[in-house]
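Below, each chain spelled out in residue letters.
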Amino acid sequence: QVQLVESGGGLVQAGGSLRLSCAASGRTFSSYAMGWFRQAPGKEREFVAAISWSGGSTYYADSVKGRFTISRDNAKNTVYLQMNSLKPEDTAVYYCAAGLSPRFFPNEYEYDYWGQGTQVTVSS
């Protein structure tokens with residue numbers, strides 16, 4: 001069982017930055033691949049970024065590539081999402097997720113555990 005708690009969301013102006021954190025409980029955090037997804041009002045949840053259990057591989061949606069960076073600290077049981085050059089269209093609830101062995105990282109159904117989400121609002 002893995003419990004995930006996101007933090008770091010908030011209100012920021014366009015062009016600004018935020019860093020999201022996702023703290024995980026349990027001793028097996030380092031066994032899990034981690035992903036970030038987001039859901040804007042009236043839209044389906046979409047993939048943002050993912051990182052392998054070792055941190056050696058990362059994956060990004062085209063819409064955030066070059067602006068967002070995912071990283072993890074297995075000693076702290078935490079995964080991060082550094083978001084730079086934020087745009088109003090990045091406004092959404094951001095969720096972190098854990099999956100033991102995703103075969104296709106952008107697929108939300110490959111993840112077993114989800115956090116409650118943190119709101120990110122980017123004003124123009």
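Residues numbered from 1 in each chain as written. Predicted model: local features only at pLDDT ≥ 70, side-chain atom pairs only at ≥ 80, totals over all residues. Heavy atoms only, no water.

> Can you help me understand the pattern of salt bridges in this one?
If the charged atoms of two oppositely charged side chains come close together, the side chains can form a pair. Tallying each qualifying case throughout the model produces 6 salt bridges. Taking the shortest distance from any N to any O, the salt bridge between arginine 38 and glutamate 46 comes out at 2.6 Å. Bridged by salt links that share partners, the residues Arg38, Glu46, Arg67 and Asp90 form one connected network. (Salt bridge = Lys/Arg side-chain N within 4 Å of Asp/Glu carboxyl O.)

> Teacher, can you tell me more about the sheet that holds strand 8 (residues 78-83) here?
Pairing is antiparallel across the open sheet formed by 4 strands, whose spatial order is 1-3-8-7. The strands lining the two open edges of the sheet, one partner per strand, are strand 1 (4-7) and strand 7 (68-73). Each strand of the sheet is rotated relative to its neighbour by a mean of 15°, with strand direction disregarded. Sheet topology note: the strand 3 (residues 18-24)/strand 8 ladder contains 6 bridges and is antiparallel. Residue leucine 18 lies in a different strand from strand 8, and its bridge partner there is methionine 83. (Pairing = 2+ DSSP bridges. Helix = DSSP H or I, 4+ residues; strand = E, 2+ residues; numbered from the N terminus. Axes fitted to C-alpha atoms, helices over the stretch in contact; angles between N-to-C directions.)

> Before we go on, may I ask you to explain the state of the cysteines in this structure?
As used here, a disulfide is simply a covalent bond connecting the sulfur atoms of two cysteines. Within the structure shown, the criterion is met by 1 disulfide. In this model cysteine 22 forms its disulfide with cysteine 96; the gap between the sulfur atoms is 1.9 Å. Sign of the S-S torsion, about 45° for the bond between cysteine 22 and cysteine 96, identifies this disulfide as right-handed. Of this pair, cysteine 22 sits in strand 3 while cysteine 96 sits in strand 9 (residues 92-99), and the two are 74 residues apart along the sequence. Here cysteine 22 and cysteine 96 have matching classes, each one buried. (Disulfide = S-S within 2.5 Å. Buried < 20%, exposed > 50% of the residue type's maximum accessible area, 1.4 Å probe, protein only.)

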